[in-house]
Amino acid sequence: MTDVTNGVLHTLFHSEQGGHEQVVLCQDHASGLKAVIAIHSTALGPALGGTRFYPYATEEEAVADALNLARGMSYKNAMAGLDHGGGKAVIIGNPERDKTDELLLAYGRFVASLGGRYVTACDVGTYVADMDVVARECRWTTGRSPENGGAGDSSVLTAFGVFQGMRASAQHLWGDPSLRGRRVGVAGVGKVGRHLVEHLLKDGAEVVITDVRTESVQAMLDKHPAGVTAVADTGALIRVEGLDIYAPCALGGALNDDTVPVLTAKVVCGAANNQLAHPGVEKDLADRGILYAPDYVVNAGGVIQVADELHGFDFDRCKAKAAKIFDTTLAIFARAKEDGIPPAAAADRIAEQRMAEARAARGR
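Quick caveat: nothing in here was measured; it's all calculated off a predicted structure.

A look at helix H4 (residues 101-112)
In step 1: The terminal C-alpha atoms of H4, which comprises twelve residues, lie 16 Å apart, in line with the 16 Å expected from a rise of 1.5 Å per residue.
In step 2: Every buried residue of H4 is accounted for by Leu103, Leu104, Leu105, Ala106, Tyr107, Gly108 and Val111.

Next up, the structure:
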């Protein structure tokens, strides 16, 4: 355990991945809860980010994921124009085996103990029904069901935002935001990916899909036999001839030293978080002439929705905000060209500037 603690402290206080304001380790023996809540920044307001329930191999891996995800939320919320900082929580365990109401209630008490510094929502392994349970112990819970005063599933607006990012990418690269006739590869057709496919088909795109869950693939093929085809896995998808856009919509790390060199697409724009496996991948993409739409910019539709829930949810208002992802993405491409840097670096600069201005205004 000493090695794990030293690793965590080094990451927090001495590495580029650190700089977090607060990290809370949560444990409840009665329910079996083991969780990490990471608050990266409250410069723009209370930290907002989802709760991931995942069977991490080690506690250190769980802490590292919480730190990375929380940092990403600071940038996402800043670029989405929200008055929220970034935070994230992870619960260690197999959600299908370990998730109970008692565990979620215990988790809710830990979130509540932070007094509103962190607002939670859904993420991988947690759902609307889970947030309803958490909310029984914690008022700072979003992503709840409409029956319990919430906005429900946020994947609809997440997909809509990614679609806007794709349209902006097409406008920047080809001079036309329409995706008609474009071949788009979607890796992951679950919560978000299946909605994204619907947008693409409606706009006239040709869609190629893959997913580790064969039932998810088959459901899309059955629903859209004329517009959708499938390949065996992501390795095959990224090599599809004539692919215009690649949309990673599953877990992170999709863009790495193995995938970037063989990617046939001219654009990468997807819903997955943390798509760049390590620093430098954004330059590898740029060197290959591949336009990368930063993930935390284009997938912000969901967080726009859950943030709105705090003020009384209005779907039309949220959709109008998510539609602005088109303009934000174009602005990032313009900044990247102006500064001679990859779009990911340009997005970081814009987000960091907004956070720095907020800290200065508050004398922090």
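Digging into the packing of helix H14 (residues 325-339) against helix H15 (residues 343-361)
In step 1: For the pair H14 and H15, the least separation of the axes is 8 Å and the interaxial angle reads 105°. Overall, the two elements H14 and H15 adopt an arrangement that is roughly perpendicular. Two secondary-structure elements touch here, H14 through Ile332, Phe333, Arg335, Ala336 and Asp339 and H15 through Pro343, Ala346, Ala347, Arg349, Ile350 and Gln353.
In step 2: Classifying every residue of the contact of H14 with H15 gives seven nonpolar, one polar and three charged.

Remarks on the nonpolar core
In step 1: The biggest cluster of nonpolar side chains holds 45 residues, and the ones touching the most others in it are Met166, Val186, Leu196, Val197, Leu200 and Ile209.
In step 2: Considering each element in turn, this core owes the most residues, seven residues, to helix H6 (residues 155-174).
In step 3: In this structure, Cys26, Ala35, Ile39 and Ile91 belong to the second largest nonpolar core, which totals 22 residues.

Section: the pairing of strand S7 (residues 183-187)
Taken residue by residue, a regular strand's side chains alternate between the two faces of the sheet.
In step 1: Across the five residues that make up S7, a large majority, four, are buried.
In step 2: Summarising the sheet, S7 and strand S8 (residues 206-210) pair through five bridges and their orientation is parallel. Bridging across to S8, Val186 finds its partner in Ile209.
In step 3: Taken together, S7, helix H7 (residues 193-202) and S8 constitute a β-α-β crossover, and its handedness is right-handed.
In step 4: With four bridges joining them, S7 and strand S10 (residues 245-248) adopt parallel strand pairing. Looking at S10, one finds that Ala187 is bridged to Pro248.

Reading the values: rules and limits
- Residues numbered from 1 in each chain as written.
- Predicted model: local features only at pLDDT ≥ 70, side-chain atom pairs only at ≥ 80, totals over all residues.
- Heavy atoms only, no water.
- Helix = DSSP H or I, 4+ residues; strand = E, 2+ residues; numbered from the N terminus.
- Expected span 1.5 Å × (residues − 1).
- Buried < 20%, exposed > 50% of the residue type's maximum accessible area, 1.4 Å probe, protein only.
- Axes fitted to C-alpha atoms, helices over the stretch in contact; angles between N-to-C directions.
- Parallel < 35°, antiparallel > 145°, perpendicular 65-115°, else oblique.
- Contact = heavy atoms within 4.5 Å.
- Nonpolar A, V, L, I, M, F, W, Y, C, P; charged D, E, K, R; others polar.
- Core = buried A, V, L, I, M, F, W, Y, C linked by side-chain atoms within 4.5 Å.
- Pairing = 2+ DSSP bridges.
- Right-handed = clockwise from strand over helix to strand, strands pointing away.

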